[in-house]
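Letter by letter, the chains look like this.
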Amino acid sequence: MRLFFLILVYIPWFVNAQISGIIINADTKQPVPDVLIISGGDTVSISNEAGFFHIEPSSVTDSIFFITDKYQHGFLLAESEKIRVIIELIPLIANVPEVMVASNLIKEDLEKIPGSTAVVTNEDILNRNEICILDYISEVPGLYSHQGTYNTNRLTIRGIGSRTPYSSNRIKAYYNEIPLTNGEGVSTIEDMDISGIERIEILKGPSSGNYGAGLGGVIRLYSKYPGKDVDEFQFKSTIGSYETLMNALTAYVKKRDFYIRTNVSGISSKGFRENNKYSRINLNTYGTYFHPLFTVSWLFHYVDLFAQIPSSLDYATYRQNPVSAAQNWFTVEGYEEYKKLNSGLTLSTPLWNKWSNSLTLFTGYFDQYELRPFNILDDRSFSYGFRERIQYSDKKLKFIIGTEYYTENYMVKIFDDQQQDTLEANDTQQRNYFNVFTMLSYVPDDRFNITVAGNFNSTSYEIKDELNADSLNHSGKYRFDPIFSPRVGINYQATEYLNVFSEIGHGFSVPSVEETLLPEGLINNSIKPETGWNIDLGLRLNLNRKIFTEVTYYWIFLENLLVTKRETEEIFYGINAGSTRHNGFEALVKYNFFKTETEKNRKLELTLSLTTSNNKFKSFIDDTNNYSGNCLPGIPAWWMNTSLKWKSGFGTTFFTEFKYSGKQYLNDTNSDMVADWWILNLSVMYDLIISKKFGIQIFFNVNNLLDERYASMILVNATNFGNNPPRYYYPGIPRNFKIGLSVLFY
């Protein structure tokens, strides 16, 4: 039976009284937006995105109701002189929760987002027991992950970023409101601990101007929130093939107006290849304090990593001896180690009725040492900045205007030998960017959702050459021309079950500092940022929560293509070499064989993710070579991910996953290709509830069940220095196992 009253508060009421406060989810303690606040039969206010509300004294009678269709209603007897309250609403047990998306800056139902956005939910995360966070986003259509080793990865979205050698750029990443992308535009999310993540949201294509530079899109990670109003402790331990060991300890402390979550984890592995040891420690703390007049959230994330580098292999070695490391890296026992810190503090406050403000102050530190065959890299950076947004929220109209400022001081030294007695470079770089963004969402009726957004960006950097005082000195300042990126999107609810959407947006990616430096060390003042337009056309179908389907066709028009030119294995620079065209089809289908979970908590769900794309150079002339019309390397024409989850109702969950990747070109000439591949993964979990305050989970994983030999990552346009064949291939890990135990205390 649905309970009507959540809370009953009786407080004496005097003339000129006013009520304000915050509305939060009683389970998760997260703000609840769009709650109708009714007094005397009239809607007197509505909670904004931060959950804040304010009621004018003249609007209040003797009773105040808090109404929303996803929660049990709240109720106040308003008889007080001045009230500041925290209202907790209990989610309806019978209501199947809708997936809410916040990466567009305005929280909306996923089904009604006017654009292509993907969500990896907490349930999706719980289906797997993997070490690398990239494994958890493999079902997202349009996103392709090259995974060479735990510390060498490259993400692409709709083919954007495929030419980056060893990392992910052209994609912005955030942890809550804190940027994870450095001043070079590189996003390293593979060293994040998945046990601290509640959900992941991906905005695809250069239409996410609210976050600045990011032609490929934006990846948002959100902290995990406690789900019960009790303290909670969890210990998880995993052992696996190649001497893999992972331990994690998590603690929640949760009160009515405060909670904090701390997670410590350690991962180590010998790896299946030579020179492939990996060790990582993560410390993550997140907390929130609720007050009727404000909320304060803080985040502290620390990484300590050591990883050997086996590097890529030529074709003969890849096929005959994939466990080997590249000879030059093996000889010097090459590795990287770094310590990284990201932290931030967010203050959310109501300004006046329907208006609120959110201010995030953040800082980061990075200290790395990398031993390479050709030299030694010793670099560190310190960054800081802020992100602020002011928001207006009404039932039909929501408006945001905000700014983001980021500055990074980067110091680098390069030595030519392991004794570090010869210094090749000693630079200090100051990298800065400033964004002003705005977004308006208008819902004229239940059928339409229209958004208009824009972003203005200014990027600059300064280099100080601390080594050379002669003509080789490459000190100088550089500022890119300001860029304005607009976006327009619309969603139309054609029927109760069908939504149709379309959007067009502009994006950009500025060159890294290294790409702007010519081989002799001078700044290339003629280089320009990549810019592009994205067009989406798609539909979402949701039939009684049993079948969910999203299909999207997209076009991307990219200009001023940045091409990496390699002089030697360690020296490369960038040039603008032409334009590309990307178009493709993305489909996501989820089918629940049961409409809802039965009384025995059984569930059978099939998920299919499919992407097909055509990515070509429209015009690309590199020196005397004309590659116009060729396909971009490093992007398969087809890739697919299919999974089946069976929850038996007796504590046992079976999860199987099939991954397929089509053929890919290895170079711009399209003269070589890597073969297609497919792998099969399987996991089994058993949950045993010992008592109301104690439970355990036992799990077993086998990945690459049929022991497929495949290239999990390729190095695009690898060159054959000397008489050596090009090293394109990173071999995928053979059949491997993991078994683990998770213990939960309340």
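See the structure printed just above.
In this text the structure is predicted, and so the values were computed from the model without any measurement.

Reading the values: the criteria
Residues numbered from 1 in each chain as written. Predicted model: local features only at pLDDT ≥ 70, side-chain atom pairs only at ≥ 80, totals over all residues. Heavy atoms only, no water. Helix = DSSP H or I, 4+ residues; strand = E, 2+ residues; numbered from the N terminus. Buried < 20%, exposed > 50% of the residue type's maximum accessible area, 1.4 Å probe, protein only. Contact = heavy atoms within 4.5 Å. Areas by Shrake-Rupley, 256 points an atom, 1.4 Å probe, with all protein chains shown as cover. Polar contact = N/O pair within 3.5 Å; in protein donor to acceptor, adjacent residues only side chain to side chain. Pairing = 2+ DSSP bridges.

### Section: the overall build of the protein
Within the protein, the secondary structure is distributed over four helices and 49 strands. A total of 746 residues make up the protein; the buried ones form 55% of that total. Partitioning the intrachain contacts of the protein with sequence separation of at least 6 by distance along the chain shows that 64% fall at a separation of at least 24. Of the roughly 30500 Å² of accessible surface on the protein, 58% is carried by carbon and sulfur atoms.

### Quick notes on the side chain of Asn 153
Residue position: Asn 153 is located in strand 13 (residues 152-157). At 3.2 Å, the side chain of Asn 153 forms a polar contact with the backbone oxygen of Thr 149. Among the polar contacts made by the side chain of Asn 153, one reaches the main-chain carbonyl oxygen of Tyr 150 at a distance of 3.1 Å. Beyond its immediate chain neighbours, meaning those up to four positions away, Asn 153 contacts Leu 134, His 146, Gln 147, Gly 148, Tyr 166, Ser 167, Ser 168, Glu 190 and Met 713.

### Some remarks on the pairing of strand 27 (residues 376-393)
Taken together, the 17 bridges between strand 26 (residues 355-371) and strand 27 define a ladder with antiparallel strand orientation. Along strand 27, the bridge assignment pairs Glu 370 with Leu 377. Connecting the antiparallel pair strand 26 and strand 27 is a turn made up of four residues. Hairpin geometry of strand 27 and strand 28 (residues 397-415) is characterised by an intervening segment of three residues between the two adjacent antiparallel strands.

### Focus: the sheet that holds strand 18 (residues 197-204)
Pairing is mixed across the open sheet formed by five strands, whose spatial order is 11-18-19-15-16. Taken across any chain shown, the strands that pair with only one partner, and hence form the sheet edges, are strand 11 (117-120) and strand 16 (178-179). Pairing of strand 18 with strand 19 (residues 217-223), which is carried by seven bridges, proceeds in the antiparallel orientation. Bridged to Arg 199 within strand 19 is Tyr 222.

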